[in-house]
Amino acid sequence: MTYVEQELTSQPECWTRAAESAQGHKDALPAAGERVAIVGCGTSFFMAQAAAALRERSGQGETDAFAASEFPRGRAYDRVVALTRSGTTTEVLDLLGRLRGQVRTTAITADALTPVTECADEVVELGFADERSVVQTRFATTAVTLLRAHLGLHSDAVVADARTALKSPLPEGLVQRTQFTFLGRGWTVGLAHEAALKLREAAQAWTEAYPAMEYRHGPISITTHTTATWMLGEAPDQLAAQVREAGGLWVAGGLDPLAELVRVQRLAVALAAARRLDPDRPRHLTRSVILAPDSRAR
């Protein structure tokens, strides 16, 4: 079994631990009414998008999400939360360093014995969700679960759905598809982008992701008998029928959207196996992107 397989199967236990720890981290996490930005790179950026949408929708306060390299200079926030599994990603460390003394910062990481501890005002360590695989699975979803629990939006049903996602078979014929589109609405748009990234990283698959209502504005033109369209969350009216009429395989997201992402992670591993690829060693990728000084964006 690959590292990524071992790690993704541990997510129900990780989510339970994260939810139980949320109260103990409340002072380090955004308070109601704060104006917040959540930042990250790669998977962590997409998780930031999901968490930001969840927080704003819950009425806790204005919340934006940015890739760490694209954080807008001069925009005022009460707190910036950085998601960083490794604690060593160059763009995140550079941003936190730039913000020191100007805005309160919190880092959520899997390893507090890293440079991020010196850069952030407060650190939340989720060491039990750390990973050996380059491809992120459990840390990303555990970080979202922590923030979800902090907002009062987590429940035991989410964990139960994750267990179902690990046991239930993938849709018949899905692995044989050659192109995959993931759709979301609201907070699940970030999850859709992460789902597409998982298949690209682990299986070199051709994938796309969109807000669900945007799918009819062009992307549906690629739908055919070799494609699959996977909805994370509730689908817009008639969209499933339109995909099927175009010949595509429609995958309905019947579980909690975060648990649906677990199913996608399983698909990524299955696709990698079918293509004789090692998901623990994705092409051109490393566990953390650490840039030399002359490679950093100015």
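Keep in mind it's a predicted model, so treat the numbers as computed, not measured.

(A) Inspection of the pattern of salt bridges at higher detail. Under the definition given, this model contains twelve salt bridges. Ionic pairing is found between Arg35 and Glu62, a salt bridge with its closest N-O pair at 2.7 Å. Of the two residues, Arg35 sits in the loop between α2 (11-21) and β1 (36-40) while Glu62 sits in the loop between α3 (43-57) and β2 (63-67), which places them 27 residues apart along the sequence. Assessed through its relative accessible area of 48%, Glu62 is described here as partly exposed. For the salt bridge of Arg104 with Glu122, the shortest nitrogen-to-oxygen distance reads 2.8 Å.

(B) Seen up close, the sheet that holds strand β8 (residues 227-232). Spatially, four strands are ordered β7-β6-β8-β9 in an open sheet, and the strand pairing comes out parallel. The strands lining the two open edges of the sheet, one partner per strand, are β7 (206-211) and β9 (249-251). Adjacent strand axes in the sheet meet at a mean angle of 20°, parallel and antiparallel pairs treated alike. Taken together, the six bridges between strand β6 (residues 179-184) and β8 define a ladder with parallel strand orientation. Counterpart to Thr181 in the pairing with β8 is Thr229. Relative to β6, helix α8 (residues 188-203) is tilted by about 160°, and along the sheet it contacts β6, β7 and β8.

(C) Region of interest: the nonpolar core. Ranked by size, the top nonpolar core spans 62 residues in total, and within it Ile108, Phe180, Phe182, Leu199 and Trp230 carry the most contacts. Setting aside residues up to four positions removed in sequence, Leu199 forms contacts with Phe180, Phe182, Gln204, Ala205, Thr207, Val264, Leu267, Ala268 and Leu271. One finds Phe71, Ala107, Val116 and Ala120 within the second-largest nonpolar core, a separate group that totals 18 residues.

(D) Structural view of the packing of aromatic side chains. Tallied over the entire structure, the rule returns six aromatic pairs. Between the aromatic rings of Phe45 and Phe46, the centroid separation amounts to 5.6 Å while the plane-to-plane angle is 35°, which identifies the pairing as tilted. As far as burial versus exposure is concerned, Phe45 and Phe46 are alike and both buried. Ring geometry for Phe71 and Tyr77: centres 5.8 Å apart, planes at 50°, overall tilted. Relative accessible area serves as the criterion here: at 8%, Phe71 is assigned to the buried category. For Tyr77, a relative accessible area of 9% puts it in the buried group. The positively charged end of Arg35 is found above the aromatic ring belonging to Tyr77, 4.8 Å away from the centroid.

(E) Up close: empty space enclosed by the protein. Taken as a whole and assessed by the stated rule, the structure comprises two cavities of 30 Å³ or more. Within this model, the largest cavity holds a volume of roughly 60 Å³. Surrounding the largest cavity, Pro30, Ile38, Ala51, Arg55, Leu147, His150 and Leu151 form its lining. When residues of the lining of the largest cavity are traced back to their parent elements, those giving at least two are α3 and α6 (138-150). A breakdown of the residues in the lining of the largest cavity according to their chemical character gives five nonpolar, one polar and one charged. Computed from the structure, the second largest cavity encloses a volume of approximately 30 Å³. Taken together, Val4, Leu8, Val135, Thr137, Lys198, Ala202, Gln265, Ala268 and Val269 form the lining of the second largest cavity. Mapped onto the lining of the second largest cavity, the elements with two or more residues apiece are α1 (3-9), α8 and α10 (257-274).

(F) Structural detail: the sheet that holds β2. In space, the five strands of this open sheet follow the order β2-β1-β3-β4-β5, with parallel pairing throughout. Edge positions in the sheet fall to β2 and β5 (122-125), since each has one partner strand and no second. Averaged over all adjacent pairs, the angle separating strand axes in this sheet is 20°, with direction ignored. Here β1 pairs with strand β3 (residues 79-84) via four bridges, running parallel.

Reading the values: rules and limits
Along each chain, numbering runs from 1 in the same order as the chain's sequence is written. Per-residue local features of the predicted model are confined to residues with pLDDT of at least 70, and side-chain atom pairs are confined, for both listing and counting, to 80 or more; whole-chain, interface and lining totals are unaffected and use all residues. Side-chain measures here rest on the full set of heavy atoms in the structure, leaving out hydrogens and waters. Think of a salt bridge as a Lys or Arg side-chain nitrogen and an Asp or Glu carboxyl oxygen that are within 4 Å of each other. Labels follow the DSSP assignment, with helices taken as runs of H or I lasting at least four residues and strands as runs of E lasting at least two, numbered in each case from the N terminus. For each residue, the accessible area found with a 1.4 Å probe, counting protein chains only, is set against the maximum for its type, and the residue is called buried under 20%, exposed over 50%, and partly exposed in between. At least two DSSP bridges between two strands are required for those strands to pair. Here the axes come from fitting lines to C-alpha atoms, over the contacting stretch only for helices, and the angles between their N-to-C directions go from 0 to 180 degrees. Any pair of residues with heavy atoms lying within 4.5 Å of one another is described as a contacting pair. Among buried residues, the Ala, Val, Leu, Ile, Met, Phe, Trp, Tyr and Cys ones that are joined through side-chain atoms within 4.5 Å form a nonpolar core. Here the aromatic set is Phe, Tyr and Trp, taking the six-membered ring for Trp, and pairing holds for ring centres within 6.5 Å; pairs whose planes are under 30 degrees apart are stacked, those over 60 apart are edge-to-face, and all others are tilted. Charge-over-ring placement is defined geometrically: NZ (Lys) or CZ (Arg) within 6 Å of the ring centre, and within 35 degrees of the ring normal. Any residue with an atom within 4 Å of a point lines the site, the site being either a cavity, points on a 1 Å grid over the protein atoms alone where a 1.4 Å probe fits but cannot get out, or a pocket, an open set with protein on both sides within 12 Å along at least 5 of 7 lines. Grid points are joined across faces, edges and corners, and a volume is the space filled by probe spheres set on the points. Lys, Arg, Asp and Glu make up the charged group, whereas Ala, Val, Leu, Ile, Met, Phe, Trp, Tyr, Cys and Pro make up the nonpolar group; the residues left over, Gly among them, are polar.

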